Amino acid sequence: QVQLVESGGDSVQTGGSLGLSCAVSGKLYNTYAMAWFRQAPGKEREAVAGIYIGTGIKRYANFVEGRFTISRDSAMRTLFLQMDSLKPEDTAMYYCAATSTSGIFWSRVGEYNYWGQGTQVTVSS
């Protein structure tokens, strides 16, 4: 019954910016963490950024290199990912995920049981 819907993906040039959103609907209680993952064709899904809801602590993959910012609008039940200085290597389908399980490792795909269908980000040179 829980549904996550991503939006904001687009095609941009190198150095451009995009803001992704993930709207949460349905009965998702006591959310412990939310995260953004991405997956390029032929590659495995990888963690991009995560946020622990209770503490506000944020985590980022090394390849982010300070270019992205994850945030959560608790009132509107929306997860955001602001992406700046985009590179062609960032081209992928971006997914949001959520879990109510405490004590997880944020970057592990298996920790999340709620997923959106993804939004495509394409960065051209």
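Everything discussed here concerns the structure shown above.
Basis of the calculations
- Residues numbered from 1 in each chain as written.
- Predicted model: local features only at pLDDT ≥ 70, side-chain atom pairs only at ≥ 80, totals over all residues.
- Heavy atoms only, no water.
- Salt bridge = Lys/Arg side-chain N within 4 Å of Asp/Glu carboxyl O.
- Helix = DSSP H or I, 4+ residues; strand = E, 2+ residues; numbered from the N terminus.
- Buried < 20%, exposed > 50% of the residue type's maximum accessible area, 1.4 Å probe, protein only.
- Phe/Tyr/Trp six-rings, centres within 6.5 Å; stacked < 30°, edge-to-face > 60°.
- Lys NZ or Arg CZ within 6 Å of the ring centre and 35° of its normal.

Asks: I'd love a proper account of the pattern of salt bridges, names of residues and values included.
Replies: Counted under the stated rule, the structure contains five salt bridges. For the salt bridge of R38 with D90, the shortest nitrogen-to-oxygen distance reads 2.9 Å. Highlighted residues: R38 in strand β4 (residues 33-39) and D90 in the loop between β8 (78-83) and β9 (92-99), separated in sequence by 52 residues. For D90, a relative accessible area of 1% corresponds to the buried category. Across the pair R67 and D90 runs a salt bridge, and its minimum N-O distance is 2.6 Å.

Asks: Please give an account of unusual backbone geometry that cites residues and values.
Replies: Positioned with a positive phi, E65 is a non-glycine residue whose angle comes to about 55°. Looking at the secondary structure, you find E65 in the loop between β6 (58-60) and β7 (68-73). A positive phi angle, near 50°, is found at S85, a position not held by glycine. As for its position among the elements, S85 is in the loop between β8 and β9. The class for S85 is partly exposed, based on a relative accessible area of 42%.

Asks: Just give me the short version of the packing of aromatic side chains, but keep the residues and values in it.
Replies: All told, the structure shown has four aromatic pairs when counted by the stated rule. On the numbers, 6.1 Å between centres and 70° between planes, the contact of Y112 with W115 is edge-to-face. Exposure remark for Y112: the relative accessible area of 6% places this residue in the buried category. Residue classification places W115 among the partly exposed positions, given a relative accessible area of 23%. Following the ring pairs from residue to residue traces out a cluster consisting of F37, Y112 and W115. A cation over a ring is seen here: R45 above Y95, with NZ or CZ 3.8 Å from the ring centre. Seen from the ring of W115, R45 lies directly overhead, with NZ or CZ sitting 4.9 Å from the centre.

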